[in-house]
Amino acid sequence: MTVPTSPLSTANATIGYGRVAVSEGLTVDIPEGEFTVIIGPNACGKSTLLKALARTLRPSAGRVLLDGRDIHAQSTRSVAKRLGLLPQGPTAPDGITVADLVARGRYPHQGLLRQWSAEDEAVVAEAMEATAVTDLAARGVDELSGGQRQRVWIAMALAQQTPLLLLDEPTTYLDITHQIEVLDLCAELHRKGRTLVAVLHDLNQAARYATHLIAMRDGAVVAEGPPADIVTADIVDEVFDLPCVIIDDPETATPLVIPRSVRPAPVAAV
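Along each chain, the written sequence defines residue order, and numbers are assigned to residues from 1. Per-residue local features of the predicted model are confined to residues with pLDDT of at least 70, and side-chain atom pairs are confined, for both listing and counting, to 80 or more; whole-chain, interface and lining totals are unaffected and use all residues. With hydrogens and water set aside, each side-chain value is computed from the structure's full complement of heavy atoms.

## Points about the sheet that holds strand β8 (residues 195-199)
Strand order in this open sheet of six strands is β6-β7-β8-β3-β9-β10, and the pairing throughout is mixed. Each end of this open sheet is capped by a strand with a single partner; those strands are β6 (83-86) and β10 (220-225). When the angles between neighbouring strand axes are averaged without regard to direction, this sheet yields 15°. Contacts are assigned to residue pairs that have any heavy atoms within 4.5 Å of one another. Only C-alpha atoms enter the line fits that serve as axes; for helices the fit covers just the stretch in contact. Angles between N-to-C directions range over 0 to 180 degrees. Numbered from the N terminus, helices here are DSSP runs of H or I no shorter than four residues, and strands are runs of E no shorter than two. Helix α1 (residues 46-53) rests against β3 (35-39), β6, β7 (164-168), β8 and β9 (212-217) of the sheet, and its axis sits at about 150° to β7. Strand pairing is assigned whenever DSSP detects at least two bridges linking the two strands.

This is the structure:
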């Protein structure tokens, strides 16, 4: 049996904010080539873990490893060539156009001896085409809808040409149509070979799109594995305190969570 490799991991890491630890002794391996989704109730440590993996939060103990080396011992530029991040609620500079924002994804590849090139231009054009924002190139980012903006930010991350892409709640504040649009795009990127890690709140969307789930509660990993193994009535109840029934999604055959009512059924009129 082949053991999956892990390009990104935490090793016995304690992570949190100031003196408040959210997770202690946390060891997580992100499997290469998978679409990993981190799930769990509010304040369970999902986004904190993602920030640690993205090198925006340094563990107070333990390590985060990128390609087997401490991520904080590597230069910002070298990490940016391996790992792209779509943070929660990113903010674009005032007045910036779509084309200019996507072009910022090429900054890790620039240097004193390497200025903007035809290759950079081609990569930006390819990223915009892949995310269907080419027609928006001259528009201001602040003029766009929420779904359009998310696609533009993903295009910028694609322009980095990183094999790893991390997304912190990429569907937050989007209506259902734009949520599916963004997740379909993520699934397509995964099919084309990228390793993705995302934090999602919607359990059914996670089960539909992920190939690997990490379920967290109280800063710890409760279970991880394929959605069919993780989205069970027992684990959902353990992680979310939610009694439920699991059925097959009629569209994708992935697990579909049907919550049990917490209120007594209405009494029929006689």
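Past the structure itself, the notes keep going.
## Focus: empty space enclosed by the protein
Both cavities and pockets are sets of points on a 1 Å grid over the protein atoms alone; in a cavity a 1.4 Å probe fits but cannot get out, in a pocket the set is open with protein on both sides within 12 Å along at least five of seven lines, and lining residues sit with an atom within 4 Å of a point. Grid points are joined across faces, edges and corners, and a volume is the space filled by probe spheres set on the points. Enumeration according to the criterion identifies one cavity of 30 Å³ or more in this entry. What lines the largest cavity is simply Ile39, Leu203, Ala215, Ile230, Val231, Ile235, Val236, Val239 and Phe240. The dominant element in the lining of the largest cavity, judged by the number of residues it contributes, is helix α9 (residues 233-240), at four residues.

## Structural notes on the packing of helix α5 (residues 146-159) against helix α6 (residues 176-191)
Running from N to C, α5 and α6 cross one another at 20°; their axes reach a closest spacing of 9 Å. It follows from the interaxial angle that α5 and α6 lie roughly parallel. For the pair α5 and α6, the sense of crossing is right-handed. For the pair formed by α5 and α6, the contact residues are Gly147, Gln150, Arg151, Ile154 and Leu158 on the first element and His178, Glu181, Val182, Leu185 and Leu189 on the second. Tallied by class, residues from the contact of α5 with α6 come to five nonpolar, three polar and two charged. Any angle from 65 to 115 degrees is called roughly perpendicular, while one under 35 is roughly parallel, one over 145 is roughly antiparallel, and all others are oblique. The sense of a crossing depends on the near helix, which, turned anticlockwise from the far helix by less than a right angle, makes the crossing left-handed and, turned clockwise, makes it right-handed. When residues are sorted by character, Ala, Val, Leu, Ile, Met, Phe, Trp, Tyr, Cys and Pro go into the nonpolar class, Asp, Glu, Lys and Arg into the charged class, and all the rest, Gly among them, into the polar class.

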